[in-house]
Structures are given as C-alpha cells and as structure tokens.
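So you can see what is in the structure, the chains are spelled out below.
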Amino acid sequence: MWRRHANPDAQAGAIAVAVAAALAWQMREAPDGVRLLATVVEHTPEGLTRQGLVQAIELRAQGVPSTVAAKRLGSGYRGLAWDTAVRAAERFAAFG
C-alpha cells in the first residue's frame, strides 16, 4: 500500500497545514498572523518544514514582501512539504 505521508517531513507538513488551517478559522474574527505561525511552529516536528516556518516568521518580522519570501521559502512548485506547507502556513498568516 502506498503511503503518501510516510516520510517524516511529509507528516510534519501535514501537521503544519492542519494546525494553520484550524487556527486561521479560530482567529477569523481577530486574525493574528504572528501568533498563528508561532503556534504552527510549536506543533510541527523538527525538520526542514519547521525550519522553513521559523524562517517565515523571521522574514515576516523583517517586513519582507510575500513575493520575496516565496522565492526564499518556496512557493509550492516543488511539491515537497518544506516547500508547500510553509507557503500554505505563510499565506494563512498573511490574513492576520
């Protein structure tokens, strides 16, 4: 049986996106992108995905535009967790 999320980093990506989506919904009345990303990091296992999330927080704090952040973090085109999940979480946080 083929397992889509058998890779540990794929599991981390799935966790990151699930937490980000849940928090975005919970925060819909009073969005807080910084808190959202920080909470996603807390729940994401160590690895490339978590490292990318930490970098997303740093870039956001520096005021780096989303288009520049996508070039540094990945935009999802590689189809790997550290590329897609980080971009998804960063986009959820952009509304906060």
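As the structure is a computational prediction, the values presented were derived from the model and not from experiment.

Here we look at the nonpolar core
Here is step 1: Formed by 19 residues in total, the largest nonpolar core has its most connected members in Leu-23, Leu-36, Leu-37, Val-40, Leu-53 and Leu-73.
Here is step 2: Secondary structure elements with two or more residues in this core: α1 (8–26), α2 (33–43), α3 (48–61), α4 (66–73) and α5 (81–94).
Here is step 3: Every residue in contact with Leu-36, bar those within four places of it in the chain, is listed here: Ala-20, Leu-23, Ala-24, Met-27, Ala-89, Phe-92 and Ala-93.

Structural notes on α2
Here is step 1: Taken together, the buried positions of α2 are Gly-33, Leu-36, Leu-37, Thr-39, Val-40 and Val-41.
Here is step 2: On its buried side, α2 packs onto α1, α3 and α5.

A few points about the pattern of salt bridges
Here is step 1: Scanning the entire structure with this criterion turns up 1 salt bridge.
Here is step 2: Between Arg-50 and Glu-46 there is a salt bridge, and its shortest N-O distance comes to 3.6 Å.

Digging into the side chain of Thr-49
Here is step 1: For Thr-49, the position within the fold is in helix α3.
Here is step 2: One polar contact links Thr-49 to Asp-9, side chain to side chain, over a distance of 3.0 Å.
Here is step 3: Excluding residues within four positions of it along the chain, Thr-49 makes contact with Asp-9, Ala-12, Gly-13, Ala-16, Thr-44, Ala-81, Trp-82, Ala-85 and Val-86.

Looking at the environment of Glu-46
Here is step 1: Along the chain, Glu-46 turns up in the loop between α2 and α3.
Here is step 2: Put simply, Glu-46 and Ala-18 are 28 residues apart on the chain and 16 Å apart in space, counted from C-alpha to C-alpha.

With respect to the layout of surface pockets
Here is step 1: Approximately 220 Å³ is the volume attributed to the largest pocket.
Here is step 2: In this structure, the largest pocket is lined by 12 residues; those nearest its centre are Asp-9, Ala-10, Gly-79, Leu-80 and Ala-81.
Here is step 3: When residues of the lining of the largest pocket are traced back to their parent elements, those giving at least two are α1 and α5.
Here is step 4: Of the residues contributing to the lining of the largest pocket, the split by class is 6 nonpolar, 5 polar and 1 charged.

Conventions we followed
Residues numbered from 1 in each chain as written. Predicted model: local features only at pLDDT ≥ 70, side-chain atom pairs only at ≥ 80, totals over all residues. Heavy atoms only, no water. Core = buried A, V, L, I, M, F, W, Y, C linked by side-chain atoms within 4.5 Å. Buried < 20%, exposed > 50% of the residue type's maximum accessible area, 1.4 Å probe, protein only. Helix = DSSP H or I, 4+ residues; strand = E, 2+ residues; numbered from the N terminus. Contact = heavy atoms within 4.5 Å. Salt bridge = Lys/Arg side-chain N within 4 Å of Asp/Glu carboxyl O. Polar contact = N/O pair within 3.5 Å; in protein donor to acceptor, adjacent residues only side chain to side chain. 1 Å grid on protein atoms, 1.4 Å probe; cavity = no way out; pocket = protein on both sides within 12 Å on 5 of 7 lines; lining within 4 Å. Points joined across faces, edges and corners; volume = space filled by probe spheres on them. Nonpolar A, V, L, I, M, F, W, Y, C, P; charged D, E, K, R; others polar.

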